[in-house]
Amino acid sequence: TESKHRRRGGDLKARNTELGSAVTGSPLTALLPASTTGKKSIVLSSETRKELAKQAKVTKEERRAQIDERHKYLISRIADGIGLSEQQVEEAIISDDKFQLIEQFFAPSGLKKLLFFYQDVLQQKSNASLRSDGSTNSMLQKKLFITMGCTENFTGTCAFFLRTSDKVISASNVSQEVNFGIFDCINGNILQGLEFFLSQIMIPALKSQQNWGAVKEGLKNSQIQDFLYSVDKFVGTLSSSRQNIEDKIQLTKVDIDIYVSNLQNPSDYITAG
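An unreviewed UniProt entry lists the chain under the name DYH5 protein, from Calonectris borealis.

J.: I keep staring at the overall build of the chain and nothing clicks. Help me out?
T.: When you go through the chain residue by residue, the secondary structure sums to 11 helices and 4 strands. Residues classed as buried in the chain amount to 30% of the 273 residues present. As displayed, the chain offers around 18,200 Å² of accessible surface, 53% of which is attributable to carbon and sulfur atoms.

J.: Honestly, the packing of helix H3 (residues 46-66) against helix H5 (residues 86-94) in this entry has me stumped. Any pointers?
T.: Angle between the axes and distance between the axes are the two parameters that describe a pair of packed helices. Packing of H3 against H5 leaves a shortest axis separation of 9 Å and a crossing angle of 120 degrees. In terms of orientation, H3 lies oblique with respect to H5. H3 and H5 meet at a crossing whose hand is right-handed. Residues Lys-60, Arg-63 and Arg-64 of H3 lie in contact with H5, whose contacting residues are Glu-90, Glu-91 and Ile-94.

J.: Got a minute to help me understand the environment of Ser-175 in this structure?
T.: As for its placement among the helices and strands, Ser-175 is situated in helix H7 (residues 174-177). Residues Ser-175 and Arg-70, spaced 105 residues apart in sequence, show a C-alpha to C-alpha distance of 8.8 Å. A distance of 2.9 Å separates the side chain of Ser-175 from the side chain of Gln-176, its partner in a polar contact.

J.: What is the right way to read the confidence of the model for the chain from this model?
T.: Reading fine detail from the predicted coordinates is not recommended where pLDDT is low. On average, residues of the chain score 80 in pLDDT, and 74% of them reach the 70 mark or higher. Confidence over residues 1-31 falls short of pLDDT 50; this stretch has 51 contacts with residues more than four positions distant or in other chains. Every residue in residues 33-39 scores below 50 in pLDDT, and together they form 3 contacts with partners more than four places removed in sequence or on other chains.

J.: Is there a simple way to think about the state of the cysteines in this case?
T.: Such a bond, covalent and formed between the sulfur atoms of two cysteines, is termed a disulfide. Tallying each qualifying case throughout the model produces 0 disulfides. The structure places no disulfide on Cys-185, whose sulfur is separated from the nearest cysteine sulfur, that of Cys-158, by 9.8 Å. By relative accessible area, Cys-185 is classed as buried at 2%.

J.: Explanation requested: H5 in the structure shown.
T.: Helical geometry note: an α-helix holds 3.6 residues per turn, so side chains three or four residues apart project in the same direction. Buried within H5 are the following residues: Val-89, Ile-93 and Ile-94. For H5, the buried positions fall inside an angular range of 120 degrees around the axis, keeping them on one side.

J.: What should I look at first to understand unusual backbone geometry in this one?
T.: The phi dihedral of Ser-109 falls on the positive side, at around 55 degrees, and the residue is not glycine. For Ser-109, the location among the structural elements is in the loop between helix H6 (100-106) and strand E1 (113-124).

J.: How should I be thinking about the pairing of E1 in this particular structure?
T.: Regular strands place their side chains on alternate faces of the sheet. By the bridge criterion, 6 bridges tie E1 to strand E3 (residues 157-163) in an arrangement that is antiparallel. Note on E3: the bridge partner recorded for Tyr-118 is Thr-157.

J.: Mind showing me how you'd approach the sheet that holds E3 here?
T.: In a beta sheet, neighbouring strands are held together by backbone hydrogen bonds and run either parallel or antiparallel to one another. Strands sit in the order E2-E1-E3-E4 across an open sheet of 4 strands; the sheet is antiparallel. Among the strands making up the open sheet, the edge pair consists of strand E2 (138-147) and strand E4 (178-184). If you compare each strand with its neighbour and ignore which way they point, the axes differ by 20 degrees on average. Sheet strands in contact with helix H8 (residues 190-207) are E3 and E4, and its direction is about 130 degrees off that of E4.

J.: Would you mind showing me how to read the pattern of salt bridges here?
T.: Where charged atoms from two side chains of opposite charge come close, those side chains can pair. If you walk through the whole model with that rule in mind, you get 13 salt bridges. Close ionic contact of Glu-195 with Arg-242 constitutes a salt bridge, the shortest N to O distance being 2.6 Å. Here Glu-195, found in helix H8, pairs with Arg-242, found in helix H9 (residues 222-246); they are 47 residues apart in sequence, far enough to count as distant. Take Arg-242: its relative accessible area is 12%, and that puts it in the buried class.

J.: Would you mind showing me how to read the packing of aromatic side chains here?
T.: How two aromatic rings sit relative to each other is set out by the distance from centre to centre and by the angle between their planes. Per the stated rule, a full pass over the model turns up 8 aromatic pairs. Between Phe-161 and Phe-180, the aromatic rings sit 4.9 Å apart at their centres with planes inclined by 40 degrees, giving tilted as the arrangement. With Phe-161 in strand E3 and Phe-180 in strand E4, the pair connects residues that are 19 residues apart, well separated along the chain. In this structure Phe-161 comes out as buried when scored by relative accessible area, which is 0%. For Phe-180, a relative accessible area of 29% corresponds to the partly exposed category. Ring pairing ties together the aromatic residues Phe-117, Phe-145, Phe-154, Phe-160, Phe-183 and Phe-197, which thus form one cluster. Seen from the ring of Tyr-73, Arg-77 lies directly overhead, with NZ or CZ sitting 4.9 Å from the centre. Above the face of the Tyr-118 ring, Lys-142 is positioned so that its terminal group lies 5.5 Å from the ring centre.

Parameters and conventions
Residues numbered from 1 in each chain as written. Predicted model: local features only at pLDDT ≥ 70, side-chain atom pairs only at ≥ 80, totals over all residues. Heavy atoms only, no water. Helix = DSSP H or I, 4+ residues; strand = E, 2+ residues; numbered from the N terminus. Buried < 20%, exposed > 50% of the residue type's maximum accessible area, 1.4 Å probe, protein only. Areas by Shrake-Rupley, 256 points an atom, 1.4 Å probe, with all protein chains shown as cover. Axes fitted to C-alpha atoms, helices over the stretch in contact; angles between N-to-C directions. Parallel < 35°, antiparallel > 145°, perpendicular 65-115°, else oblique. Left-handed = near helix turned anticlockwise from the far one by under 90°. Contact = heavy atoms within 4.5 Å. Polar contact = N/O pair within 3.5 Å; in protein donor to acceptor, adjacent residues only side chain to side chain. pLDDT = per-residue confidence, 0-100. Disulfide = S-S within 2.5 Å. Arc of directions from axis to C-beta. Pairing = 2+ DSSP bridges. Salt bridge = Lys/Arg side-chain N within 4 Å of Asp/Glu carboxyl O. Phe/Tyr/Trp six-rings, centres within 6.5 Å; stacked < 30°, edge-to-face > 60°. Lys NZ or Arg CZ within 6 Å of the ring centre and 35° of its normal.

Right, here's the structure in full:
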């Protein structure tokens, strides 16, 4: 009887460790229960994985059918900004578990920003087999994904969209109501990326701005001049802070044995002090 229990227990353990863990950052993640989407790898049976892959494929095709001119406008801007094809961008978007944020961005009085990060992400190799401890081989790969910018570390390129009003975003007004920009975090250096973005993109754009709304004098207006001066001053402060951080003091190790060995009595210590 005891040997049967052992055998059954062994068979159950073998079934539970069959083929693969949950794939993060894909439509499969959105289909998993909340309890299985944590940081720990969850081992799934081959049947479960096949069913999840089938559901993920259906989800992707449903999302692909929702793509309209608004989505195509976003996809085109992202593709141009980060150097991917429109097909690659579309595939990444419909595979993302935060796909619904796009609809929330388009809605009247919706999200004010929509962010896409393109950077190295630790991903499971597609042909990786389970190790004896249940883990899988992983590697860093470039990935485009939707984010709120609150939970993921920013280490690469950010493509961002900003709304200029509370209007519903339609195919006819998306190019007027939505602003697009690229923020590059060079080698993970956010300060350097921000300095470049402000000094090379935003400030030149502001100084060439012709229409300042209710301010008719434009760049001749004292308030506009004060504003641009403040932005220039901020960039200067940012540059100084970045340089101070990068040129931090390096302490050199000094061998003091030769000095200490010559100290023989208390008066020698006092003199050395």
